[in-house]
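Residue-level listing of the chains:
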Amino acid sequence: IKHINEILFKAAKTIVAETGRFRVGTRPIGNRKKLQDFAYDEAYKASERIRIVTGKYAETAAKLLGIDATEDMLLKKIAGKDFQIRNSSYCRRFAEDIVKMIVAAAKLGYPQEKMLSAIRTGYKTPFNASVITKAAKKDITTEIPSYGRGIYQSAYQNIARNSRVIIALTYGNALKSYGKKKKAVGFKVKRGSSYLCAICDQEASYIHTMKDPLPPYHINCCCYVEFIYSKKKMKYGRI
């Protein structure tokens, strides 16, 4: 995710630099719409870079096992949308988040350097950032979005999660292909973390056939598998 951080902060920094065209000194933003349009353009460029980076990481995840990815997960539709549809949408929202922070900072009278500092420290979780909370205390309202259950307020977090999901799914597919190539008939799931997780505990509690999904089972899942190559060693039920 380091590369995504770099891409998104670079976009945010470029948008902040552009604010000089839309304000005089430390005054509020004069033309928010034009600034927002510029921000959308930068977000589109960032979404393309993130697509490329995510694709490369996904390929690497598969190649680590010496297996070619059997399916391009960037093109696979999950709940009706593929990776890039979500990525573009989240990046557009990221542009909106940054502009909201910029507008709040400008209304607080922040000079350009202080504005950039506020963005740097808050672009990952903008609506918890000090520039937004300070603005709220001065009755400078900022529309805080709500996208429904399972979607973060922060566009940055949605972008990062979207990439992690694709990389994880690609690795999981490659892992299954690797097991089949080696003639595995089943597998055990081993916990790779002591973090409490009901999902992982359940998956690690019984022996799986090769028809079952392999890890990762969720974002940040650290589980790994131990393949079983002999039917005599297959014992269905609880471990």
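Just so it is clear, the structure is predicted and the values come from calculations on it, not from any experiment.

Reading the values: rules and limits
Residues numbered from 1 in each chain as written. Predicted model: local features only at pLDDT ≥ 70, side-chain atom pairs only at ≥ 80, totals over all residues. Heavy atoms only, no water. Helix = DSSP H or I, 4+ residues; strand = E, 2+ residues; numbered from the N terminus. Polar contact = N/O pair within 3.5 Å; in protein donor to acceptor, adjacent residues only side chain to side chain. Contact = heavy atoms within 4.5 Å. Pairing = 2+ DSSP bridges. Phe/Tyr/Trp six-rings, centres within 6.5 Å; stacked < 30°, edge-to-face > 60°. Buried < 20%, exposed > 50% of the residue type's maximum accessible area, 1.4 Å probe, protein only. Axes fitted to C-alpha atoms, helices over the stretch in contact; angles between N-to-C directions. Parallel < 35°, antiparallel > 145°, perpendicular 65-115°, else oblique. Left-handed = near helix turned anticlockwise from the far one by under 90°.

So, about the side chain of aspartate 97. Along the polypeptide, aspartate 97 turns up in helix 3 (residues 83–107). A polar atom in the side chain of aspartate 97 sits 3.2 Å from the backbone nitrogen of alanine 155. The contacts of aspartate 97, once residues within four sequence positions are left out, are Pro126, Phe127, Gln153, Ser154 and Ala155.

Let us look at the pairing of strand 1 (residues 186–190). The pairing of strand 1 with strand 2 (residues 208–209) spans 2 bridges and is antiparallel. Note that in strand 2 the partner of glycine 186 across the bridge is threonine 209. Inspection of the sheet shows strand 1 paired to strand 3 (residues 224–228) by 5 bridges, in the antiparallel sense. Opposite lysine 190, over in strand 3, you have tyrosine 224 as the bridge partner.

Our next topic: the sheet that holds strand 1. Strand order across the open sheet formed by 3 strands is 2-1-3, with antiparallel pairing between neighbours. Because the sheet does not close on itself, it has two edges, and the strands there are strand 2 and strand 3.

In this section: the packing of aromatic side chains. Tallying each qualifying case throughout the model produces 5 aromatic pairs. Judged by centre distance (6.2 Å) and plane angle (40°), the ring pair of tyrosine 178 and phenylalanine 227 falls under tilted. Highlighted residues: tyrosine 178 in helix 6 (residues 155–181) and phenylalanine 227 in strand 3, separated in sequence by 49 residues. On the accessibility criterion, phenylalanine 227 (13% relative accessible area) is buried. Ring centres of phenylalanine 227 and tyrosine 229 lie 6.4 Å apart, and the angle between their planes is 50°; on these two criteria the pair is classed as tilted. Classification of tyrosine 229 by relative accessible area gives partly exposed; the value is 43%.

This next bit is on the packing of helix 3 against helix 4 (residues 112–122). Interhelical geometry of helix 3 versus helix 4 gives an angle of 140° and a closest axis separation of 10 Å. The angle between helix 3 and helix 4 places the two elements in the oblique class. Read as a crossing pair, helix 3 and helix 4 show a hand that is right-handed. Residue-level contacts link Ile98, Met101, Ile102, Ala105 and Ala106 of helix 3 to Met115, Ala118, Ile119 and Gly122 of helix 4.

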